[in-house]
Structure formats: structure tokens, C-alpha cells
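# Observations on the model geometry
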Amino acid sequence: MESEAHILVVDDHREIRDALAKYLTRHGYRVSTADGAAAARRLLETAAVDLAVVDIMMPGEDGLSLTRDLRARANEKGGALPVVLLTAVAEETDRIVGLELGADDYVTKPCNPRELLARIKAVLRRTHSLPPQRAPAVAESGRLRFAGWTFDPARRELIAADGTAVPLSTGEFLLLSVFLARPHRVLSREQLLDLTRGRAAQPFDRAIDNQVSRLRRKIEPDPKRPSLIVTHWGGGYAFAADVEAEGARETPA
């Protein structure tokens, strides 16, 4: 499927768009380009796209806003368009927010086309190997609720039902963000490493198991018998609780 995929490149710099389109086309992909969020939406109304490469820093509506909108559309239609973000090296906060919104991966700029190609292949493999899931829409506040907890990404903390705030390390924050964007979906260790640590991940890295263990101690009623972050032997982990945006209204089925 990978070599036949239709890739949308969204970037306001024409030379970057054209260079990436030429490179991806040379490697067997069908490529469309857009110079901003509005043009991307117009194209998505008429074309079937398998993955979008979206620059975060664009004039007018930025890439994070577009990603948020793509995830909201996915909730309405029942399928998510994979998104790979292009970010500047200094944009750590934007990368974290992007993952929280449901982006599948990121590549830092200046972009190495070979790395982007590898990321695209990895995202297409993992997204098409698993059934589509409905990710929770992020409210304007960005706060999400699950199993009596409130997740506040702005403060990087969890808030218990009694109002007690529980701080999160960077690793715990990224891992929980990934889980909350993909509830009820089994994610392999490789996928979790790729989404949370990106290029820093090493082959056979067991850091995810340690992060999961620490996160369980903070959110599980009984960490020894986890009911929120469930282990799928030979498969990875899945977040088993329902997730909703704070203030979201229930819609009829």
C-alpha cells in the first residue's frame, strides 16, 4: 500500500513543498501540495489522501489548528487521516501539543527527506495495520477527562476527582498524551517509542515498559492489576478507558 499512497504536503514555502513532492514522487508516492490550511481543506474535500505532512509554523492558521480540525473530522466520519508534523528544533511545546492532538509523528526542520520518507513509511505501516479508532476531540481548554481524572496539558498534570493535582514527568506526559489520543487501540512498544521519543528511540528499547509502570502507579486504582493501561501480550498496550474533551456534549449515535 505504501508505494501507492497519496501524500498531501502542506507548507507555505513553495521551495520546500516542491522539493518534498519531487522526492516522494520519485519514491513511488502520489503527491499533492497545499500552501496553507485553507488550500489543504479544499483538496481534502475532493481527493482521497492517505497521509498529510503538515508544517506547524504557517502564517494565518497554523499546522496545529489544521491537525485539530482533521481529528475533529475524523471523529465525525469514523476514520483518522495520519499526520506527520514538520517542526522547528526549538518547538518542543508544539511537538507535544501536536502529539496530544493526535498527530502520528514529527520531523524537525530543516527536514532530511530520507528521514521524512522513513517516518511516512512507518506511520503508514502502523496506521493501516490497525483498525481505525475514534480519537477524542480536544476542547478549547485542551483538558480531557477519563475514569474520574482530568488531564490538563497546559499544566502537565493530572487532577483527581477530589481536586488533587498530580504532576507528570515529560515522559509520562508524552505517553499519556498518546494514549488519550488513541483510546481502545492496541499500540506496540515500537509505535509508542516512535510517537513519544522519535529519533531518540533505540532498537529493543524497554523504556516504554518503565514509563507505563510509572504512569500506572499514578492513575491505576490497583497498579498490580491495571484496568486503564492494559497489557496485550505480544502486542503492546492499550488505554481501556473512554476519553472525552472537557465540556464536550454527548451526540446521538
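Before any of the text, the structure's been laid out above.
Everything numeric in this text was worked out from a predicted model, so none of it was measured.

### Description of the overall build of the protein
Along the protein, the regular secondary structure elements total eight helices and 12 strands. Sorting the 253 residues of the protein into buried and exposed places 50% on the buried side. Counting contacts in the protein only where the partners sit at least 6 residues apart, residues at least 24 apart contribute 61% of the total. As displayed, the protein has an accessible area near 12500 Å², and 51% of this comes from carbon and sulfur atoms.

### Structural notes on the sheet that holds strand E12 (residues 244-245)
The strand order across the open sheet built from five strands is E9-E8-E7-E6-E12, with neighbouring strands paired in antiparallel fashion. Whereas interior strands pair on both sides, the edge strands pair on one side only; in this sheet they are strand E9 (165-167) and E12. Two elements, strand E7 (residues 149-152) and strand E8 (residues 157-159), share three bridges in a ladder whose sense is antiparallel. Paired with Asp152 across the bridge in E8 is Glu157. Docked against the sheet, helix H6 (residues 170-181) engages strand E6 (144-146), E7, E8 and E9, running at close to 115° with respect to E7.

### Quick notes on the nonpolar core
The nonpolar side chains of soluble globular proteins are, as a tendency, buried together. Counting residues in hydrophobic clusters, the biggest one holds 32 residues, and the most contacted among them are Phe146, Phe151, Leu158, Leu176, Phe179, Ile219 and Phe239. Among the elements of the structure, helix H4 (92-101), E6, E7, H6, helix H7 (189-197), helix H8 (207-219) and strand E11 (236-239) are those that each provide at least two residues to this core. Within the second largest apolar cluster, 21 residues are counted, among which are Leu43, Leu66, Leu81 and Leu101.

### Here we look at the pattern of salt bridges
Charged atoms that come close allow side chains of opposite charge to pair. Inspection of the entire model under this criterion finds 12 salt bridges. Where Arg41 meets Glu61, a salt bridge forms, and the shortest distance between an N and an O atom there is 2.5 Å. Of this pair, Arg41 sits in helix H2 (residues 37-46) while Glu61 sits in the loop between strand E3 (51-55) and helix H3 (63-77), and the two are 20 residues apart along the sequence. Between Asp209 and Arg189 there is a salt bridge, with its nearest N and O atoms 2.8 Å apart. With Asp209 in helix H8 and Arg189 in helix H7, this residue pair connects regions lying 20 residues apart in the sequence. In this structure Arg189 comes out as partly exposed when scored by relative accessible area, which is 25%. Taken together, the shared-partner salt bridges in this structure form one network comprising Asp11, Asp55 and Lys109.

### Considering helix H1 (residues 14-26)
Its 13 residues place the ends of H1 18 Å apart at the C-alpha level, agreeing with the 18 Å of an ideal helix rising 1.5 Å per residue. Looking at H1, one finds that the buried residues are Arg17, Leu20, Ala21, Tyr23 and Leu24. One side of H1 carries all its buried residues, which in axial view fall inside an arc of 165°. Of the exposed residues in H1, those oriented more than 90 degrees away from the buried face are Arg14, Glu15, Lys22 and Arg26. Following H1 by one or two positions, Gly28 has its phi on the positive side, about 95°.

### A word on the pairing of strand E2 (residues 30-34)
Across five bridges, strand E1 (residues 6-10) lies against E2 in parallel orientation. In the sheet register, His6 faces E2, and the bridge partner there is Arg30.

### A word on the environment of Phe239
Locating Phe239 in the fold gives a position in strand E11. Sequence separation of Phe239 and Arg185 is 54 residues, and the distance between their C-alpha atoms is 6.8 Å. With sequence-adjacent residues up to four places away left out, Phe239 is seen in contact with Phe146, Leu176, Phe179, Leu180, Pro183, His184, Arg185, Ile219, Leu228 and Ile229.

### Structural notes on the sheet that holds strand E5 (residues 105-109)
A sheet is described by the order of its strands in space; here five strands give the open sequence E2-E1-E3-E4-E5, paired in parallel fashion. At either end of the open sheet lies a strand with only one pairing partner, and these are E2 and E5. Across the sheet, the mean angle from the axis of one strand to that of its neighbour is 20°, orientation sign disregarded. Strand direction decides the pairing type here: E3 and strand E4 (residues 83-88), joined by four bridges, are parallel.

### Examining H8
In a regular helix each residue adds 1.5 Å, so 13 residues correspond to 18 Å; H8 covers 19 Å between its end C-alpha atoms and thus fits that length. When H8 is considered as a whole, its buried residues turn out to be Ile208, Asp209, Gln211, Val212, Leu215, Arg216 and Ile219. Seen from one end, H8 has its buried residues packed into an arc of 160°, which puts them on one side.

Parameters at a glance
- Residues numbered from 1 in each chain as written.
- Predicted model: local features only at pLDDT ≥ 70, side-chain atom pairs only at ≥ 80, totals over all residues.
- Heavy atoms only, no water.
- Helix = DSSP H or I, 4+ residues; strand = E, 2+ residues; numbered from the N terminus.
- Buried < 20%, exposed > 50% of the residue type's maximum accessible area, 1.4 Å probe, protein only.
- Contact = heavy atoms within 4.5 Å.
- Areas by Shrake-Rupley, 256 points an atom, 1.4 Å probe, with all protein chains shown as cover.
- Pairing = 2+ DSSP bridges.
- Axes fitted to C-alpha atoms, helices over the stretch in contact; angles between N-to-C directions.
- Core = buried A, V, L, I, M, F, W, Y, C linked by side-chain atoms within 4.5 Å.
- Salt bridge = Lys/Arg side-chain N within 4 Å of Asp/Glu carboxyl O.
- Expected span 1.5 Å × (residues − 1).
- Arc of directions from axis to C-beta.

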